[in-house]
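# A closer look at the structure
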Amino acid sequence: MNSFAGDASWGGYTMVSGRWIERTGEAVVPTPFLTATSTRIGDTVTLNGLARPVTVRIVGEVFDTRNDGLQVFTDASTLKDAHPDLTETSHHIAVTSGTDVTAYADTLNKDLTPLGATARAGGRDSGSDMVVTLNALSSILTLMLVAVAALGVLNGVLLDTRERVREIGVHKALGMTPRQTVAIVLASVVVTGLVAGALGVPLGVALHGWVIPAMGDSVGLRLPGSVTAVYHAAELFPLTFGGLFVAALGALLPAGWAARARTATALRTE
């Protein structure tokens, strides 16, 4: 159970739904707590384990993974009667815009370390580790898909180039340079790459909107909108050229082979 003296909504706690605590008797809890207690926002729960039971009303769902997501966040005044000897264990410090937070924390640690305390830069977003893990898995999956797509293009362009090797030999005999040979092979995948990008981007966004929440659901967490709503219109347009990039990447090896092929060898190929 965590309690706060003052507004801690800016301290790195990401809300999934509802709002942060504003007055005595309110609490916010993570998704696993709601699942374990079969409650939802607006319900009341009784907290035991203190000098006397404390009843709080759930006003928000917060993204938090500590203690298996069974934490309860409330105001210190809510626990005042049930826990009169409540003591402070940590402080959140807001710095002005433009402050070097790392340097500020290092300066504080020079005075705090002898006292057995430590200052840490950054907000207390306890779900950050989970977000980093999800991002890492998504990045690995993306790289794997790009590699598979590039290998597919490589296979198709290589077969097409092998079939056209005699034609390429004729063009070389007429004066086509290696650079022009590479350009011709790459040009053969331009339309395919653009079409793939135009179709793949909306499909990818839709898949992202389904896979990422499913990954959170698999561990009993509902992810906040800041994790899932990461694409904006201005960013999506450049991504449509991703198909062209993958197509060109897969066609580079066959293009290089065609450019290096000797004219006489190409002309003798059937």
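Residues numbered from 1 in each chain as written. Predicted model: local features only at pLDDT ≥ 70, side-chain atom pairs only at ≥ 80, totals over all residues. Heavy atoms only, no water.

Take the pattern of salt bridges next. When charged atoms on two side chains of opposite charge get close, those side chains can pair. Overall, the coordinates contain 6 salt bridges when judged by the stated rule. When the shortest N-O distance is used, the salt bridge between R23 and E22 registers 3.9 Å. Judged by its relative accessible area of 47%, R23 falls in the partly exposed class. Using a relative accessible area of 55% as the deciding quantity, one classes E22 as exposed. In this structure, E26 engages R23 in a salt bridge whose closest nitrogen and oxygen atoms are separated by 2.9 Å. In the salt-bridge network here, residues are joined through shared partners; they are R19, E22, R23, E26 and R57. (Salt bridge = Lys/Arg side-chain N within 4 Å of Asp/Glu carboxyl O. Buried < 20%, exposed > 50% of the residue type's maximum accessible area, 1.4 Å probe, protein only.)

Once that is clear, we can look at the environment of L154. As for its position among the elements, L154 is in helix α3 (residues 128-163). Separated by 63 residues in the primary sequence, L154 and D217 have C-alpha atoms spaced 37 Å apart. Residues within four places of L154 in sequence aside, it is in contact with G250, L253 and P254. (Helix = DSSP H or I, 4+ residues; strand = E, 2+ residues; numbered from the N terminus. Contact = heavy atoms within 4.5 Å.)

Turning our attention to the confidence of the model for the protein. The predicted model of the protein averages 81 in pLDDT, with 90% of residues at 70 or higher. Mean pLDDT in the protein bottoms out at helix α10 (residues 263-268), which sits at 66, and peaks at strand β3 (residues 26-29), which reaches 90. (pLDDT = per-residue confidence, 0-100.)

Okay, the nonpolar core next. With 12 residues, the main nonpolar core is built from A27, V29, F33, L34, V45, L47, V54, V56, I58, V72, L79 and A82. If you list the elements that add at least two residues to this core, you get β3, α1 (31-37), β4 (44-47) and β5 (54-63). The greatest single-element share of this core, amounting to 3 residues, is contributed by β5. (Core = buried A, V, L, I, M, F, W, Y, C linked by side-chain atoms within 4.5 Å.)

A few words on the packing of aromatic side chains. For any pair of aromatic rings, the description consists of the separation of the ring centres together with the inter-plane angle of the planes. By the definition in use, this model includes 2 aromatic pairs. Geometrically, the ring pair formed by W20 and F73 is tilted, given 6.3 Å between the ring centres and 45° between the ring planes. You can see W20 sitting in the loop between β2 (14-18) and β3 and its partner F73 sitting in strand β6 (residues 73-75), a full 53 residues away along the chain. In this structure F73 comes out as buried when scored by relative accessible area, which is 0%. Consider the rings of F237 and F241, whose centres lie 5.6 Å apart with planes at 90°: the pair is edge-to-face. With a relative accessible area of 57%, F237 lands in the exposed category. (Phe/Tyr/Trp six-rings, centres within 6.5 Å; stacked < 30°, edge-to-face > 60°.)

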